[in-house]
Amino acid sequence: MVSRTGILCAVMLVWALLAPPSAAAQTFESGVVRITQEGREAVLPVEIASTAKARAQGLMNRERLAENAGMLFVYQGDARRFFWMKNTRIPLSLAFIDKSGEVLEIIHLQPHRPGTRIPSYRSRNKVRQVLEVNQGWFLRNGFGLGARVSLE
């Protein structure tokens, strides 16, 4: 005879196997962005966050980001965008990009320290995309305001 505990364990095992992946297991589309400015060009592999769920997850709970990689947040319309560093352990630089692909603003964010208030950061302009890379990547590679970003 099977005990109630045995049945409960079997049900929990089946649920664990069939449950949808957690937010930590969020998968992203892959792509490549081309960044150009004054004769310089870089090609950067990116993960694409184009759904609300993917954008909410972003780079949370990651220990590192490859030196020449990033995450591109893609939105349907133009708006001022808000970002925060909740559960983000990587210092990041964010480029706010308008609908024509021009970088209008770059900000630098530090990882959130547990136990402190989580600040939010808002773009000054309406933008269509946001590119997150390791902090200082734009400066090290000679890109700034006015750079052009296109998803290949």
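Residues numbered from 1 in each chain as written. Predicted model: local features only at pLDDT ≥ 70, side-chain atom pairs only at ≥ 80, totals over all residues. Heavy atoms only, no water.

This part covers the packing of aromatic side chains. Ring pairs (aromatic) are described by centroid distance and by the angle formed between their planes. One pass over the full model with this rule turns up 4 aromatic pairs. Aromatic pair F73 and F83: ring centres 5.0 Å apart, planes at 90°, arrangement edge-to-face. Placement of the pair is F73 in strand β3 (residues 70–79) and F83 in strand β4 (residues 82–84), with a sequence separation of 10 residues. F83 carries the same exposure label as F73, and that label is buried. A centroid spacing of 5.5 Å and a plane angle of 85° characterise the contact between W137 and F138, whose relative ring orientation is edge-to-face. (Phe/Tyr/Trp six-rings, centres within 6.5 Å; stacked < 30°, edge-to-face > 60°. Helix = DSSP H or I, 4+ residues; strand = E, 2+ residues; numbered from the N terminus. Buried < 20%, exposed > 50% of the residue type's maximum accessible area, 1.4 Å probe, protein only.)

Moving on, we come to the pattern of salt bridges. Tallied over the entire structure, the rule returns 8 salt bridges. Linking E41 and R34 is a salt bridge whose minimum nitrogen-to-oxygen distance equals 2.9 Å. Under the relative-accessibility criterion, R34 is labelled partly exposed at 26%. Via salt bridges that share partners, R34, E41 and E152 belong to a single interconnected network. (Salt bridge = Lys/Arg side-chain N within 4 Å of Asp/Glu carboxyl O.)

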